[in-house]
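Each chain is listed here by its residues.
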Amino acid sequence: MNDGQETAPANAGGVSGAQLRQFIERIERLEAEKQEIADDIKDVYAEAKANGFDPKIMRQVIRLRKMETQERQELETLLDVYLHALEGGAA
């Protein structure tokens, strides 16, 4: 007997409700952890700034350190070429 409330089958349309719920809950937990880590990183930047370091430059250093050596060297070479081109055009 149905009391007016619809209940979805456990496996509606080939989708397992229990399995889907597990995936969603795992993602939600990871998102919460990601936010906590982002907050921790923000705190470290604030602490570094309070100690006289420039967070903007620190972010750039971290970005560069993530690059492969060859990629970073190519970037530095292009940057150098562009800066020289600008200096030559401004004169």
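Residues numbered from 1 in each chain as written. Predicted model: local features only at pLDDT ≥ 70, side-chain atom pairs only at ≥ 80, totals over all residues. Heavy atoms only, no water.

A. Broad picture of helix 1 (residues 17-50). The end-to-end C-alpha distance of helix 1, which contains 34 residues, comes to 49 Å, matching closely the 50 Å that a straight helix rising 1.5 Å per residue would cover. Taken from the residues just after helix 1, Gly52 is the one with a positive phi, measuring 95°. (Helix = DSSP H or I, 4+ residues; strand = E, 2+ residues; numbered from the N terminus. Expected span 1.5 Å × (residues − 1).)

B. Structural context of helix 2 (residues 55-66). Its 12 residues place the ends of helix 2 17 Å apart at the C-alpha level, agreeing with the 16 Å of an ideal helix rising 1.5 Å per residue. The distance from a side-chain oxygen at the start of helix 2 to the backbone nitrogen of Lys56 is 2.9 Å, and the residue carrying that oxygen is Asp54. (Polar contact = N/O pair within 3.5 Å; in protein donor to acceptor, adjacent residues only side chain to side chain.)

C. Structural detail: the environment of Arg72. Mapped onto the elements, Arg72 comes out in helix 3 (residues 69-90). Given the relative accessible area of 25%, Arg72 is considered partly exposed. In this structure the side chain of Arg72 is engaged in a polar contact, spanning 3.3 Å, whose partner is the backbone oxygen of Leu64. (Buried < 20%, exposed > 50% of the residue type's maximum accessible area, 1.4 Å probe, protein only.)

D. Up close: the confidence of the model for the chain. Taken as a whole, the chain shows an average pLDDT of 89; of its residues, 85% reach a score of 70 or greater. Element-level mean pLDDT values for the chain span from 70 in strand 1 (residues 11-12) up to 97 in helix 1. (pLDDT = per-residue confidence, 0-100.)

E. Spatial organisation of the packing of aromatic side chains. As enumerated under the stated definition, the model contains 0 aromatic pairs in all. The lysine or arginine in question, Arg59, covers the ring of Tyr45, its NZ or CZ lying 4.0 Å from the ring centre. (Phe/Tyr/Trp six-rings, centres within 6.5 Å; stacked < 30°, edge-to-face > 60°. Lys NZ or Arg CZ within 6 Å of the ring centre and 35° of its normal.)

F. Fine view of the packing of helix 1 against helix 2. Between helix 1 and helix 2, the least distance of the axes is 9 Å, while the angle of their chain directions is 125°. Between helix 1 and helix 2, the angle falls in the class oblique. Residues Tyr45, Ala48 and Lys49 of helix 1 pack against Pro55, Met58, Arg59 and Ile62 of helix 2. For the contact of helix 1 with helix 2, the residue count by class is 5 nonpolar, no polar and 2 charged. (Axes fitted to C-alpha atoms, helices over the stretch in contact; angles between N-to-C directions. Parallel < 35°, antiparallel > 145°, perpendicular 65-115°, else oblique. Contact = heavy atoms within 4.5 Å. Nonpolar A, V, L, I, M, F, W, Y, C, P; charged D, E, K, R; others polar.)

G. Quick peek at the pattern of salt bridges. Under the counting rule described, the total for this entry stands at 1 salt bridge. Salt-bridge contacts for Lys34 lead to Glu31; the nearest nitrogen and oxygen are separated by 3.3 Å. Of the two residues, Lys34 and Glu31 both sit in helix 1, 3 residues apart, roughly one turn of that helix. (Salt bridge = Lys/Arg side-chain N within 4 Å of Asp/Glu carboxyl O.)

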